[in-house]
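# Descriptive structure summary
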Amino acid sequence: MKTVLKFAENVLKNGRDRYRKEPSPLFADGIDAHTGEHLKWTLPGGRETVISNLACQQNLYRTLTALTNLTGDPKYKEAAKAGLKYHFDYLADDSGLLQWGGHRFIDLITLEPTGPGGKEMVHELKNAFPYYELMYEVNPEATIKFINAFWNAHIVDWDELLLSRHGQYGLKLGPVWNHTPVHREPFRESAGLSFINAGSDLIYAAGSLYRLTGDEKALIWAKHLAWQYVAARHPQTGLGAYQFTQPKKVAETNDDNITLSKYGDRAQRQFGPEFGPIALEGNVLFHKHGEKIYSENMLMQIQLAREIGAAGSDLMKWSHQGLVSFAKYVYEPEINQIKPMFTDGKDLTGYILKRNGYFGKAGMVLAREDVDCKYLLTSARGFLYINDEKLWQMARSIAKGNDLGDLGVEPGKDLKINFETKCSDSKAIFALVDLFWATLNSEYLRLGEVIAANVVNKHFHKGYFLEGHEYRYARLDAVEPLALLTLEAALRGEADL
């Protein structure tokens, strides 16, 4: 708690607008921990900016709220609410979209929306998972308006469910949830790219709208979109899918270094001659693609399904099936690694790329990747909510592979925990707190305290959380303080806080 309080005080003192006599309540994204200066970026063309990107501050807003809950001091949550209110009151466009995301943000120096060049007008969220509960508390109408505008901007064709990760600002609101869902074949050609990290945010938004308001039509569409990724899983292995469409080829090129999607599916271009029809970008399970599916999307869907109860049974079932396939085909428990592959299950470890392309240069060797504690969180939480032994065995293996010891032959029983671990992965803390509440075995919290101490020793420096003490710049959206507060609440017996 002392660590998080010091961090929060520094954020409130040094992290907010300092560029006018009457400053806005907005936060910078990054800060120089040595000097206290906001991190400045030089954009293409030489423009200098201090990025304030609300989409990249959702851990911070959750931390400030949790800190007020645990201390009783309202100033932390009030700071978060003030930032959201300012966005709603002064920065949202007429359609209700906020100025945030992968291609657009607020320049804290000018308080004007800007971007890196060429795509300033594009709205994009990828696994941002906004803090809709707090947004709704601050302004229910604006939150509902945003979620409607979000779907309106990113679903280009509702009948075909053509999803674009890039949405246009200022669009007139259409019927949105009043469209009728139509089931289409997977991997149909599309003008947009149906990346799961973009789709996940749409699913979460619509599901959150149902959770907050009871809008059943929004939930129907959340499930309809989630089903597209399930329907695109490989029929034999159940693996996938990173996309449920393939990009429509509208131009020709012989240059393998050009990887724009207008030239066709990027996996088919790079791997098609050797692997045939399976070589589609939607079927790729290399490291970052598998992470988006089996860590972030699964965690979101399991959490959303849990929160909405019986209405989320489909989401829970699909998550269950996906995680079991991952455990069976992708994860290697003996070495705690995941294999690079396509969704048909063929192991591509050691495969040498034959040509340049989106996935790497010719001569690059595909390799297995170590599995860290974000997968521990997904598999442990998945087991606790789904109760499939295969998920618990995967969680045990991941814990052993990350130097945590044995979490038990079953949750809470016959633990052989390594309390000397050097692990400083804050995501492990969330998993251990989950396991404590499920079993009330205090050894999980004791291990959480060891990891928390490692987190502080390795990452907390000059009042901020850094990659390590040798680093200079701090991201104010660090997940570490939220993990520490989650542990603090568990130690107090106050999980709901």
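This report concerns the structure included in the present document. From a predicted model like this one, the values you see are computed outputs, not experimental measurements. (Residues numbered from 1 in each chain as written. Predicted model: local features only at pLDDT ≥ 70, side-chain atom pairs only at ≥ 80, totals over all residues. Heavy atoms only, no water.)

### So, the overall build of the protein
Each helix and strand in the protein was counted, giving 15 helices and 22 strands. Against the globule reference of 23 Å for 497 residues, the protein gives a C-alpha radius of gyration of 23 Å, in line with a compact fold. A principal-axis box enclosing the C-alpha atoms of the protein has dimensions of 60 × 60 × 45 Å. Out of the 497 residues in the protein, the part that is buried amounts to 59%. The long-range share in the protein, meaning contacts at least 24 apart out of those at least 6 apart in sequence, stands at 67%. When the accessible area of the protein is evaluated, it comes to approximately 20,500 Å², of which 49% is carbon and sulfur surface. Charged side chains of the protein number 57 positive and 62 negative; the gap between the two group centres comes to 2 Å. (Helix = DSSP H or I, 4+ residues; strand = E, 2+ residues; numbered from the N terminus. Rg over C-alpha atoms; globule rule 2.2 N^0.38 Å. Buried < 20%, exposed > 50% of the residue type's maximum accessible area, 1.4 Å probe, protein only. Contact = heavy atoms within 4.5 Å. Areas by Shrake-Rupley, 256 points an atom, 1.4 Å probe, with all protein chains shown as cover. Lys, Arg positive; Asp, Glu negative; His and termini not counted. Charge placed at Lys NZ, Arg CZ, Asp CG, Glu CD.)

### Digging into empty space enclosed by the protein
One way to see where empty space is left: roll a probe the size of a water molecule over the atoms. In this structure the tally under the stated criterion is four cavities of 30 Å³ or more. In this structure, the largest cavity spans a volume of roughly 70 Å³. Together, Ile196, Ile203, Ala226, Tyr229, Val230, Arg233, Gly240, Ala241, Ile293, Asn297, Met298 and Gln301 line the largest cavity. Elements supplying a minimum of two residues to the lining of the largest cavity: helix 6 (196-213), helix 7 (216-231) and helix 9 (287-308). Among the elements that take part in the lining of the largest cavity, helix 9 stands out by supplying four residues, more than any other. Taken together, the residues of the lining of the largest cavity sort by class into eight nonpolar, three polar and one charged. (1 Å grid on protein atoms, 1.4 Å probe; cavity = no way out; pocket = protein on both sides within 12 Å on 5 of 7 lines; lining within 4 Å. Points joined across faces, edges and corners; volume = space filled by probe spheres on them. Nonpolar A, V, L, I, M, F, W, Y, C, P; charged D, E, K, R; others polar.)

### Here's the deal with the side chain of Asn297
Secondary-structure assignment places Asn297 in helix 9. Residue classification places Asn297 among the buried positions, given a relative accessible area of 5%. Once residues within four sequence positions are removed from consideration, Asn297 is found in contact with Ile196, Ser200 and Lys292.

### Here we look at the sheet that holds strand 6 (residues 112-114)
Taking strand neighbours across the sheet as the criterion, the three strands line up as 4-5-6 in an open arrangement whose pairing is antiparallel. The open sheet is flanked by strand 4 (51-52) and strand 6, the only strands paired with a single partner. As defined by bridge partners, strand 4 adjoins strand 5 (residues 105-107) across two bridges and the pair is classed as antiparallel. Bridge pairing links Ile51 to Asp107 in strand 5. (Pairing = 2+ DSSP bridges.)

### Some remarks on helix 5 (residues 140-154)
Over its 15 residues, helix 5 runs 22 Å from end to end, which matches the ideal 21 Å to within 8%, given 1.5 Å per residue. With eleven of 15 residues buried, helix 5 lies mostly within the body of the structure. Looking at helix 5, one finds that the buried residues are Ala142, Thr143, Phe146, Ile147, Asn148, Ala149, Phe150, Trp151, Asn152, Ala153 and His154. For helix 5, the N-terminal cap is Asn139; the gap from its side-chain oxygen to the backbone nitrogen of Glu141 is 3.3 Å. (Expected span 1.5 Å × (residues − 1). Polar contact = N/O pair within 3.5 Å; in protein donor to acceptor, adjacent residues only side chain to side chain.)

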